Number of protein chains: 2
Amino acid sequence: MMNTPLLLTQMIERAERYFPKKEVISRTESGIHRMTYAQTAERTRRLVSVLRKLGVNKGDKVGTLAWNHHRHLETYFAVPCSGAVLHTINFRLSPQHVSYIINHAEDKLLFVDADILPLLEGIKEQLNHVKGFVIMTDQNELPETTLSPVYHYEKLLSEGNPKEPFIQDLDENSPAGMCYTSATTGNPKAVIYSHRGILLHAMALGLVDNTGISERDTALPVVPMFHVNAWGIPFACVWFGAKLVLPGPAFSPKLIAELFEAEKVTISAGVPTVWMGLLKELEEHTYDTSSLRMILCGGSAAPKSMIKEFETKYHIPFLHAYGMTETSPLVFSGVLKSYQEELSEEERYDIKSKQGMVVPCIEIKVVGLDGEIQADGKEMGELLIRGPWIADEYYQDERTEAAFVNGWLHTGDVVTIDEEGYVKIVDRTKDLIKSGGEWISSVDLENALMAHAGVFEAAVIAVPNEKWQERPVACVVLKDAYKDNVTKEELLEFLAPQFAKWWLPDDILFLSEIPKTGVGKFLKMALREQVKDLYANSK
Amino acid sequence: MMNTPLLLTQMIERAERYFPKKEVISRTESGIHRMTYAQTAERTRRLVSVLRKLGVNKGDKVGTLAWNHHRHLETYFAVPCSGAVLHTINFRLSPQHVSYIINHAEDKLLFVDADILPLLEGIKEQLNHVKGFVIMTDQNELPETTLSPVYHYEKLLSEGNPKEPFIQDLDENSPAGMCYTSATTGNPKAVIYSHRGILLHAMALGLVDNTGISERDTALPVVPMFHVNAWGIPFACVWFGAKLVLPGPAFSPKLIAELFEAEKVTISAGVPTVWMGLLKELEEHTYDTSSLRMILCGGSAAPKSMIKEFETKYHIPFLHAYGMTETSPLVFSGVLKSYQEELSEEERYDIKSKQGMVVPCIEIKVVGLDGEIQADGKEMGELLIRGPWIADEYYQDERTEAAFVNGWLHTGDVVTIDEEGYVKIVDRTKDLIKSGGEWISSVDLENALMAHAGVFEAAVIAVPNEKWQERPVACVVLKDAYKDNVTKEELLEFLAPQFAKWWLPDDILFLSEIPKTGVGKFLKMALREQVKDLYANSK
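Residues numbered from 1 in each chain as written. Chains lettered and ligands numbered in written order. Predicted model: local features only at pLDDT ≥ 70, side-chain atom pairs only at ≥ 80, totals over all residues. Heavy atoms only, no water.

- Per an unreviewed UniProt entry, chain A goes by the name Long-chain fatty acid--CoA ligase and belongs to Peribacillus psychrosaccharolyticus.
- As recorded by UniProt, the Sequence similarities (unreviewed entry) comment attached to chain A reads in full: "Belongs to the ATP-dependent AMP-binding enzyme family." (UniProt positions renumbered as here; feature names shortened; annotations may be inferred.)

### A closer look at the overall build of chain A
Next up, step 1: Of regular secondary structure, chain A possesses 17 helices and 27 strands.
Next up, step 2: By principal-axis analysis of the C-alpha atoms, chain A measures approximately 70 × 50 × 50 Å.
Next up, step 3: A buried classification covers 62% of the 539 residues belonging to chain A.
Next up, step 4: Contacts spanning at least 24 positions in sequence make up 68% of the contacts within chain A whose residues lie at least 6 apart.
Next up, step 5: In the structure as shown, chain A presents an accessible area of about 20,200 Å², 49% of it carried by carbon and sulfur atoms.
Next up, step 6: The averaged location of the 74 negative side-chain charges in chain A is 3 Å from the averaged location of its 55 positive side-chain charges. (Helix = DSSP H or I, 4+ residues; strand = E, 2+ residues; numbered from the N terminus. Buried < 20%, exposed > 50% of the residue type's maximum accessible area, 1.4 Å probe, protein only. Contact = heavy atoms within 4.5 Å. Areas by Shrake-Rupley, 256 points an atom, 1.4 Å probe, with all protein chains shown as cover. Lys, Arg positive; Asp, Glu negative; His and termini not counted. Charge placed at Lys NZ, Arg CZ, Asp CG, Glu CD.)

### A short note on the relation of the copies chain A and chain B
Next up, step 1: With an RMSD of 0.1 Å, chain A superimposes on chain B once it is rotated by 180 degrees and translated 0.0 Å along the axis. Read as a symmetry element, the transformation amounts to a two-fold axis. Minimal C-alpha distance to the rotation axis in chain A is attained by A:Leu207, lying at 2.5 Å.
Next up, step 2: Mapped onto chain B, 100% of the interface residues of chain A are again interface residues, and the two copies thus contact each other with one and the same surface. (Least-squares fit on C-alpha atoms with pLDDT ≥ 70 in both.)

### Looking at the packing of helix H7 (residues 195-205) of chain B against helix H9 (residues 233-240) of chain B
Residue and element names in this part refer to chain B.
Next up, step 1: Where H7 contacts H9, the axes come no closer than 9 Å and their chain directions differ by 75 degrees. Looking at the two axes, H7 sits roughly perpendicular to H9. Between H7 and H9, the contacting residues are Ile-198, Leu-199, Ala-202, Met-203 and Leu-205 on the first element and Ile-233, Phe-235, Ala-236, Trp-239 and Phe-240 on the second.
Next up, step 2: When the residues that make up the contact of H7 with H9 are grouped by side-chain class, the tally is 10 nonpolar, no polar and no charged. (Axes fitted to C-alpha atoms, helices over the stretch in contact; angles between N-to-C directions. Parallel < 35°, antiparallel > 145°, perpendicular 65-115°, else oblique. Nonpolar A, V, L, I, M, F, W, Y, C, P; charged D, E, K, R; others polar.)

### Concerning the sheet that holds strand E13 (residues 294-297) of chain B
Residue and element names in this part refer to chain B.
Next up, step 1: Spatially, 9 strands are ordered E2-E1-E11-E10-E12-E13-E14-E15-E16 in an open sheet, and the strand pairing comes out mixed. Where the open sheet ends on each side, the last strands, each with one partner, are strand E2 (31-36) and strand E16 (357-358).
Next up, step 2: Relative to strand E11 (residues 243-246), strand E1 (residues 23-28) runs parallel, the two sharing 3 bridges. Bridge pairing in E11 links Ser-26 to Leu-246. (Pairing = 2+ DSSP bridges.)

### Description of the packing of aromatic side chains
Residues and elements named next belong to chain A.
Next up, step 1: One pass over the structure, following the stated rule, counts 24 aromatic pairs over all chains.
Next up, step 2: When the centroid spacing of 6.1 Å and the interplanar angle of 65 degrees are considered together, the rings of Trp-502 and Trp-503 count as edge-to-face.
Next up, step 3: Among the residues examined, Trp-502 registers a relative accessible area of 36% and is labelled partly exposed.
Next up, step 4: We classify Trp-503 as buried; its relative accessible area is 13%. (Phe/Tyr/Trp six-rings, centres within 6.5 Å; stacked < 30°, edge-to-face > 60°.)

### So, helix H12 (residues 304-313) of chain B
For the α-helix, the turn length of 3.6 residues means that residues three or four positions removed from each other point alike.
Residue and element names in this part refer to chain B.
Next up, step 1: Within the sequence span of H12, burial applies to Met-306, Ile-307, Phe-310 and Glu-311. Down the axis of H12, the sector holding all buried residues measures 125 degrees, keeping them to one side.
Next up, step 2: The elements touched by buried residues of H12 are helix H11 (272-284), E13, strand E14 (318-323) and helix H13 (345-352).
Next up, step 3: Following H12 by one or two positions, His-315 has its phi on the positive side, about 55 degrees. (Arc of directions from axis to C-beta.)

### Here we look at the pairing of strand E12 (residues 267-270) of chain A
Residue and element names in this part refer to chain A.
Next up, step 1: Residues of E12 alternate between two faces, with Ile-267 and Ala-269 on one and Ser-268 and Gly-270 on the opposite face, all of them buried.
Next up, step 2: Sheet analysis places strand E10 (residues 218-221) next to E12, joined by 3 bridges and oriented parallel. The residue bridging Leu-220 from the neighbouring strand is Ser-268, located in E12.
Next up, step 3: In this sheet, strand E13 (residues 294-297) lies alongside E12 in parallel orientation, the contact comprising 4 bridges. Considered in E13, the bridge of Ala-269 is made with Leu-296.
Next up, step 4: Remark: the E12/helix H11 (residues 272-284)/E13 crossover connection has right-handed handedness. (Right-handed = clockwise from strand over helix to strand, strands pointing away.)

Written out as structure tokens, the structure reads:
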């Protein structure tokens, strides 16, 4: 067979040649932009010529600090298709971490949304390699800034070459992108994505048993484009000619629901907290969501009650998936097998609330204390992953050695796997509650709590305990309508029939919110800090 | 990213671990066999151990002469997963060509169906490298044969190791399969398929805009397993966990229709002549074909009238595709773009009767006399193809040089490409009729003739002509009900409004059948021979 490489240039060239009429809808600071892939492709070519003029060479890192919009999409293709490496930066991290990240990656150029400028202004003295800042704005004039030198994105593009050729003769294993992920302790660590990995992953997103993205779709990635390439969705959409809807800055559940209705969105993707917010919005107002064929949910476990509500109350099919920054991210897809459709509703939702079955091209191993565990849905072990879109190291980071062992990524996630191959995340190795020599799954307790009508969110953490080593404590946010109407005793009674007695939380704290990471995951570390003092003397 | 190779071992291991309950239905000499993928995987492992015992080493060629059935499927995985190369042999070729093929490939071992033994017995003296023959039969005893040494497939398997490991540490570019294709003149020429190529191609079969094969499917490949790996369908089915229905020896349209109904087949694949036969069967008898979501048609052009009849009369979606032995085969998929669904019925069927749009990962170029042609649906040029599942040579064959030039496969197919990217095969460079310095497309004339109610099949060929160089002559087979009721004049009148006058055939011959290749394509070479004498003196 020909050794033609798998490169991102193929994706944008395909959209340019075969889907020039298909649209990219983008919400920016000033409203809704409508563009065609013909325009996206031309602007991408212009941007490639701009990068070359600004001295960006093959292998150089180019950072973005931006929301989900069409200009960010153009960097997604222009940077790798010029031979450089797209470094999407999570601007919700602490300024210290952002500055660490930019320096560690040695970003040469930064693309930044106007509203994110203050973050960069605050750390500009610490940036060692950045040669310039390209500001992405709808305005004709650049905003006032202390950064220098600064460029105006649209002005650069207007001077670019609309027929600039993409890079040729690139090895498919060349780096195309990079993304940092928060570590439990210490600085964030980086993963490099190759052209081959991104392309194969996009192909997996097109498979029917995964997300089945096709030309017929209108996709709205709520998941930020700085977070694992928005789960690869922009790549799949451009390649397959799907319409893309990018929700822009500081969106709300209301805005998402309005875009679903206005643009007839067929598939959307985000973390559970996004969907909890949407459910609340759908409860309070009426929207036509009948175009939606799939809500894709990952990042952390979606409670069964939420999945069921989307499907039975709003008739929106809900797909639970699993992945990590290290895995591009798709590893598990929660689609049922055809013969499982005949199971009872409860049995089906039990499967659908698991993280799913491993997708083609990827292999897993689940390792307990005595080697590979039984596929019985009960035994717990750590999840190990390998495959062509799984990272093989942390970029220039000594934490590589602990996570990548003998060709397998050690995820730190504790899982069970059932007879049918469906994997359930029980906990993080670090978040498991070790009580009296046994493991308690905080995730199971959280899901059970969130099935209570009055509970909006729940996080269960371990607190140190002299006798049992650790004991679970639940932190609960009540829905507005239930504030002050639900007691600790009521929730404990609600849990009691579902768990062994020793699994029940020692305490339930009512909070006004659960601290979250920039991508909407519960920040259990912060929560533990917050709660620790209260139980400093627990016996 | 990890450099884990793309290997066929992943496919069968995935079926073994995640789809053990899914079925392979197989029709053999003695009836219908039902097996599960658990059994298929175990039998495949046993077969790997058998191959090793019989001295088959990494890189050795192993031939099969077999119909579509479960044992043939087992060789599809056991041979490449032992590190050897599966050589599927078209047993409908002439004995001379079959013996050439076996010798040229240096097949070490041959797997053969009992009813194909006489072919091998007739050429056994000429086979230079074959060390043994494994007979695939349902019977407990081997049939009488002059071949030696012979082995009984089931007996070998019963002595095999059910847990035999597959090959490890194989490069993804290693050969996995090979297939010979007939040449216009001379001996057949061979293409080698790599693990990487087959796997990427199978992934493409899973994409929604192509065939979208998934776990939910029940696939019946009518296309022979000796013909371009049955278009890769067995690989996709095993990998994605689809149910497979293999129709076995000497099937008829009636049998195919019965299997559709009995097994609730969702997708089937074959050449136009198969579907013409099925249409006839559906006209004469009643079957429940409501489970079918797709008929995939390739190998040669399907007439628009046939596509329309399947869709409008029988409500069976019909997908026109294009490929060659050299291309694994999928290159074009005839699925409409979403906005094309709004076109008129006639416009839609005009697009659907083209060969389709190039699939992801593959690139094309259409080259006329003055370089790349306009995408206007009119200009004609030769189709050039490249991509990771396109062959880069004919195996040990000096015809490589003419077909593979500067990294592109020169197909010899003359095509147009329209504004939307849909390609239409106008002819073979060799089958085009060159009349008075202009080109006439035999395919266009054939399709027009086949749209006539009384015409069952039509082939248009060039006959030499002193004045015009070549002129078209049509060979027509009438439907039984119309025999002797349709005249030459009537057909010419039928064609007249559709073509320029000089395109109309000089003559129309009524035949009882059109000679066909082993895979059901019109054998125009033979037809030209047959007709030549008649027109030896045409002026």
